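# Inside the fold
Residue-level listing of the chains:
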Amino acid sequence: MSEASKRADVSEKPPNWILQHPAYQQMKSLELEDSAQVHAAFLVHMDLTEVRQWKEVSCVKSPELQVILLEGREKEGAPVQTVLPLPAHRSLSHRSIRHVLDRGFPMLLCAVASDSTLVYQRMTDGLVTPDPPAGPFQDLGRRQHRKRRQKH
């Protein structure tokens, strides 16, 4: 092997595996203009399929919002859920949330930070009362023993 070909082999960078991944290729084929949203959708897709083991995860383009939505099931036989992957720097309007909720599936918003941190938030149609805290909590009644400030 010649010295020039050895240097060429060393200087070539390996291809970016994300760009070669079939799920990323499928998302790119949806021809979305926002490459940051495509990247965010891919990271969420990988988290749902590889880490959380969701079933039947697919990607759908929303032409009205110009985003990729993910649809899938948390486990076999569970209802379909829609996930809206969104780069953390991108804003979201009530109209956008309403558009996704009107699809008829439960919705998760997934904020994707620049360091690939993912934060999921369940979105609902209307207000939902939170569940009470779980665990053996006990009110210690500390508030009644605090001294109140006196106004001077």
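Parameters at a glance
Residues numbered from 1 in each chain as written. Predicted model: local features only at pLDDT ≥ 70, side-chain atom pairs only at ≥ 80, totals over all residues. Heavy atoms only, no water. Helix = DSSP H or I, 4+ residues; strand = E, 2+ residues; numbered from the N terminus. Contact = heavy atoms within 4.5 Å. Phe/Tyr/Trp six-rings, centres within 6.5 Å; stacked < 30°, edge-to-face > 60°. Buried < 20%, exposed > 50% of the residue type's maximum accessible area, 1.4 Å probe, protein only. Salt bridge = Lys/Arg side-chain N within 4 Å of Asp/Glu carboxyl O.

This brings us to the side chain of threonine 82. Assignment of secondary structure puts threonine 82 in strand S3 (residues 80-87). Setting aside chain neighbours within four positions, we find threonine 82 in contact with Leu69, Leu70, Glu71, Val100, Arg103, Phe105, Pro106, Met107 and Leu108.

Summed over all chains, the structure comprises two aromatic pairs. Their ring planes at 90° and their centres at 5.7 Å tell us that tyrosine 24 and phenylalanine 42 sit as a pair that is edge-to-face. Linking tyrosine 24 in helix H3 (residues 22-28) with phenylalanine 42 in helix H4 (residues 35-51), this pair joins segments that are 18 residues apart in sequence. When its relative accessible area of 0% is taken as the criterion, phenylalanine 42 is described as buried. A network of ring pairs unites the aromatic residues Trp17, Tyr24 and Phe42 as a single cluster.

Once that is clear, we can look at the pattern of salt bridges. Under the definition given, this model contains six salt bridges. Put simply, aspartate 47 and arginine 52 hold a salt bridge, and the shortest N to O gap is 2.7 Å. For aspartate 47, a relative accessible area of 12% puts it in the buried group. We note a salt bridge from arginine 98 to aspartate 102, for which the minimum N-O separation is 3.0 Å. On the basis of relative accessibility, which here comes to 34%, the residue arginine 98 falls in the partly exposed class. Taking relative accessible area as the criterion, aspartate 102 reaches 52% and is therefore assigned exposed. One network of salt bridges, with partners in common, ties together Arg98, Asp102 and Asp125.

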